[in-house]
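A structural walkthrough
Here are the chains, one letter per residue:
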Amino acid sequence: MLSLTWRHFRKHKLALVGMTILGLLVFGTIVIPWVTHYDPGKTSILNKYLSPSLDNLMGTDGLGRDMLIRSMDGGRISLLIGLLAMLLAITMGTAVGSAAGFYGGMIDNLLMRFADMMLTMPTLFVAILLTQLLRAGVIPFLSAGIAPIVLVVALTSWMGVARLVRASFLSLKEKEFVEAARMSGASNFRIIIRHILPNALSPIIVAATLRVGAAIITESGLSYLGFGVQPPTPTWGNMLKNAQAELDYAPWTAIFPGLLIFLTVIAVNYIGDGLRDALDPRHVD
Amino acid sequence: MTRYIIRRLLQAIPLLFIISIIVFALIQVAPNNPIAALQNNPNITPQDLLRLEQEYGINDPLPLKYWKWVSQTVQGNWGDSFVTHRPVLTEIGERLPNTLYLSGIAFFLALLIAIPIGMISAIKQYSIFDHIVTTIAFMGQSIPIFWFGLVLIIVFAVNMQNPFAGTPLFPHPAPLPLFPGGGMTWLGEYPPEPLVDRIWHLVLPVTMLAVFQLAQHVRYMRAGMLDVLQMDYVRTARAKGLKERAVILGHVFKNAAIPLVTVIALEVPSLFNGALFTETIFSWPGMGRLFFNSADRGDYTVLMGILMISAFLIIFFNLIADIAYAFLDPRIHYD
């Protein structure tokens, strides 16, 4: 099945371009800071705000650090947060959606109303409040580093996944293989995990891919406002935060981190689109 | 239909209550309270602190605090801002119209542009126009909105000069940016004429707000049109000899617009989110920026007020969208 999917996927030029871009970015974020022995503490006021040149391909920031290397360093955190938040959101959404779709009735009603209610709250406002709360130390082990923001991004995006999974489960649970599994004595839990879920995987995978892009944008947005990852830990978002004051004389500090976010999200979206077509069971070969 | 509306309105009330509980719980968990800053003040005696605690009800049990807040809120007393000590309703009341003004214009403009483009793109599927439109729409959905705003400022406000500076249109002498980098109206010498001033200040923020919506609406309009164009009744209409334009406008568009209406309803929350970034970047005096500033300063009464109003507006617009949906699609019966 994997090779069949890959064959379909390969036909999508754009998806392949997306994979290349994403691959390059991931490679760059891992390798470049390492290879150049990047030291964020090594500042050089003499070199501050140099415009992009052959020496500094993306210019330097206010403390004289090369923007390219710094962006790659920040990219590590941004990509990591995107990945982790997506995994958490998918897990939460699948748990809720599968329970709602499988059990139906009261549980479905309750869970979906809960999800709808979360959707009625303006997500950014709630996200800002939640990050502030978590940072203030409400839950002890979740108050530092990237944990608060990963949790908040996941909390504001699981609802879409839950809906998707619920829809899949609603249609799949009527199929014969479920009845067969039940007759062979499988418990409900086992039916959900071992039988229905593998068949519902395709839309989940597509949703997961697209969620990474959304998570990166949400995290950057929150960091840009100052509520996300705090400096000195660099992420693409909080590099943009400092940049707004410097637009007059150093626009490259704003252009490049955002451009990297843009490229990442485009790449991820292209991959998601390609996956959606490749995994479509209605493909006629 | 009327029964449906009444039922939805009645359902909205417990929903608002539950949301108020969530909002209240969120704020209560925050570590600050109105007299926290006074604890370290050497001029305040312990008796004073006790008295203030009594007055503010700091140590009341949670349900009592909630009851106090809710009963005051439904009576119209939303409290005072911790920072400016003005009534919350006044603070929000000054800002909300500005946000609605900005968001509303962006919303309608996005729709106005997206619908024709989506339609033409679907009609001329696979043409160059279609390819360009889908690519741009795709990119528009992937772009980080706050970065786009910064880029707009860099290009239009920092780097491009206004060619009309010094003319009666823009009395301010050169150099003048092509579009301003912020604000709702010009606050210095030589203001332009009021209408020109407003439009001049609207261009960049509206572009920033509208781009994401535009991309999404174009995609959905195009997808809806493509679906409907395959339908048999379209073929029948053409076979009956109707002009193509009549077919498109009379039959295809109305049916294709239905999923778009649903999407629009779900977008209303993002109008607030997007507005927050836009207002922050362009120093627009709106509700989003008020939220951002209040969150920064720990001004919880204002935060609670904004959250409640936003939740109310979202519920309200969702209801409007559902009604519009039922109106447009005669197959839908709410009973």
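Per chain, residue numbering runs from 1 following the sequence as it is written. Chain letters and ligand numbers both follow the written order, the letters beginning at A and the numbers at 1. Residues qualify for local features only when their pLDDT is at least 70, as the model is predicted, and side-chain atom pairs are given and counted only at 80 or more; totals for whole chains, interfaces and linings, by contrast, use all residues.

**A word on the overall build of chain A**
This is how the line gets drawn: Per the convention used, a helix needs a DSSP run of H or I reaching at least four residues, while a strand needs a run of E reaching at least two, with both numbered from the N terminus. Counting other C-beta atoms within 10 Å of each residue's C-beta, where C-beta atoms are placed from the backbone, gives the exposure class: buried for 20 or more, exposed for 12 or fewer, partly exposed between. Residues are treated as contacting if the C-beta atoms built from their backbones sit within 7 Å of each other.
A tally of regular secondary structure across chain A gives 12 helices and zero strands. When its helices and strands are written in sequence order, chain A yields α-α-α-α-α-α-α-α-α-α-α-α. By principal-axis analysis of the C-alpha atoms, chain A measures approximately 75 × 50 × 30 Å. Out of the 285 residues in chain A, the part that is buried amounts to 44%. When contacts within chain A are restricted to residue pairs at least 6 apart in sequence, those whose partners lie at least 24 apart make up 69%.

**A word on the overall build of chain B**
Just so we agree on the cut-off: C-alpha atoms define the radius of gyration, and 2.2 Å times the number of residues to the power 0.38 defines the globule rule.
Along its length, chain B carries 11 helices and zero strands. Going from the N terminus to the C terminus, chain B shows its helices and strands as α-α-α-α-α-α-α-α-α-α-α. By the compact-globule yardstick of 20 Å for 335 residues, chain B is too spread out, its C-alpha radius of gyration being 25 Å. C-alpha extents for chain B along the principal axes are approximately 90 × 65 × 30 Å. Put simply, chain B has 335 residues, and 32% of those count as buried.

**What about the packing of helix α8 (residues 232–239) of chain B against helix α9 (residues 244–281) of chain B?**
Residues and elements named next belong to chain B. In plain terms, the rule: Angles here are taken between N-to-C directions and fall from 0 to 180 degrees, while the axes themselves are lines fitted to C-alpha atoms, restricted in helices to the stretch in contact. Just so you know how the angles are binned, under 35 degrees is roughly parallel, over 145 roughly antiparallel, 65 to 115 roughly perpendicular, and the rest oblique. Crossing chirality is assigned from the near helix's rotation relative to the far helix, an anticlockwise turn below a right angle marking it left-handed and a clockwise turn marking it right-handed. We call Asp, Glu, Lys and Arg charged. Ala, Val, Leu, Ile, Met, Phe, Trp, Tyr, Cys and Pro are nonpolar, and the rest, Gly among them, are polar.
Two numbers describe how α8 lies on α9: the axes approach to 10 Å, and their chain directions differ by 150°. By the angle between their directions, the pair α8 and α9 is classed as roughly antiparallel. The element α8 and its partner α9 pack so that their crossing is right-handed. Where α8 approaches α9, its residues Tyr233, Val234, Ala237 and Arg238 are matched on the opposing element by Val247, His251 and Val252. Split into classes, the residues belonging to the contact of α8 with α9 amount to five nonpolar, one polar and one charged.

**Some thoughts on α8(B)**
It helps to recall that an α-helix has 3.6 residues per turn; residues three or four apart then point in one direction. Among the eight residues in α8(B), zero count as buried, and that is only a small part of the element. With its phi angle positive at about 95°, Gly241(B) sits one or two positions after the end of α8(B).

**Re the environment of Thr236(B)**
Mapped onto the elements, Thr236(B) comes out in helix α8. We classify Thr236(B) as exposed; it has 12 C-beta atoms within 10 Å.

**Quick word on the interface of chain A and chain B**
With 33 residues of chain A in contact, the opposing surface of chain B contributes 36 residues. Counting residues per element, the ones that place at least two in the side of chain A that touches chain B are α4 (105–120), α5 (123–135), α10 (201–225), α11 (236–243) and α12 (252–278) of chain A. Tallying contributions element by element places α12(A) first for the side of chain A that touches chain B, with eight residues. Classifying every residue of the side of chain A that touches chain B gives 23 nonpolar, nine polar and one charged.

**Quick word on the confidence of the model for chain B**
Residue and element names in this part refer to chain B. Condition: The pLDDT value expresses, per residue, how confident the predictor is, ranging between 0 and 100.
Mean pLDDT over chain B stands at 83; residues scoring 70 or higher make up 96%. No element of chain B has a lower mean pLDDT than helix α2 (residues 46–56), which averages 79, and none a higher one than helix α5 (residues 128–142), which averages 90. Scoring the predicted complex yields pTM 0.85 and, for the interface, ipTM 0.85.

**Considering helix α7 (residues 194–229) of chain B**
Going by this rule: For a helix, the expected span equals 1.5 Å multiplied by the residue count minus one. We define the bend at any residue as the angle between the axes fitted to the seven residues before and including it, ending there, and the seven starting there.
When the terminal C-alpha atoms of α7(B) are compared, their 46 Å separation across 36 residues is substantially less than the 52 Å that a helix rising 1.5 Å per residue should span. Helix geometry: α7(B) is bent most strongly at Ala210(B), by close to 35°.

**Some words on the packing of α9(B) against helix α11 (residues 300–328) of chain B**
Residues and elements named next belong to chain B. Viewed as axis vectors pointing N to C, α9 and α11 meet at an angle of 180°, and their least axial separation amounts to 9 Å. On the basis of the axis angle, α9 is roughly antiparallel to α11. Contacts between α9 and α11 involve Lys254, Ala257, Ile258, Val261, Thr262, Ile264, Ala265, Val268, Pro269 and Phe272 on the former and, on the latter, Ser310, Ile314, Phe317, Asn318, Ala321, Ala324, Tyr325 and Leu328. Taken together, the residues of the contact of α9 with α11 sort by class into 14 nonpolar, three polar and one charged.

**Let's talk about the environment of Ile199(B)**
When you line up the elements, Ile199(B) lands in helix α7. For the pair Ile199(B) and Phe17(B), spaced 182 residues apart in sequence, the C-alpha separation works out to 40 Å.

**A word on the nonpolar core**
Rules: In this usage, the nonpolar core is the set of buried Ala, Val, Leu, Ile, Met, Phe, Trp, Tyr and Cys residues whose C-beta atoms join them within 7 Å.
Ranked by size, the top nonpolar core spans 140 residues in total, and within it Leu240(A), Phe291(B), Leu303(B) and Ile306(B) carry the most contacts. Ranked by the residues each element gives to this core, the list is headed by α7(B), at 15 residues. Excluding its chain neighbours within four sequence positions, the residues that come into contact with Leu303(B) are Leu129(A), Ile27(B), Phe291(B), Ser294(B) and Ala295(B).

**As for unusual backbone geometry**
Residue and element names in this part refer to chain B. Phi is positive for histidine 85, close to 60°, though the residue is something other than glycine. Positionally, histidine 85 belongs in the loop between α3 (62–74) and α4 (88–123). The exposure class of histidine 85 is exposed, given the 7 C-beta atoms found within 10 Å. With a phi close to 70°, tyrosine 126 is a non-glycine residue in the positive phi region.

**Comments concerning the environment of Pro63(B)**
For Pro63(B), the location among the structural elements is in helix α3. Look at Pro63(B) and you get exposed, because 8 C-beta atoms sit within 10 Å.

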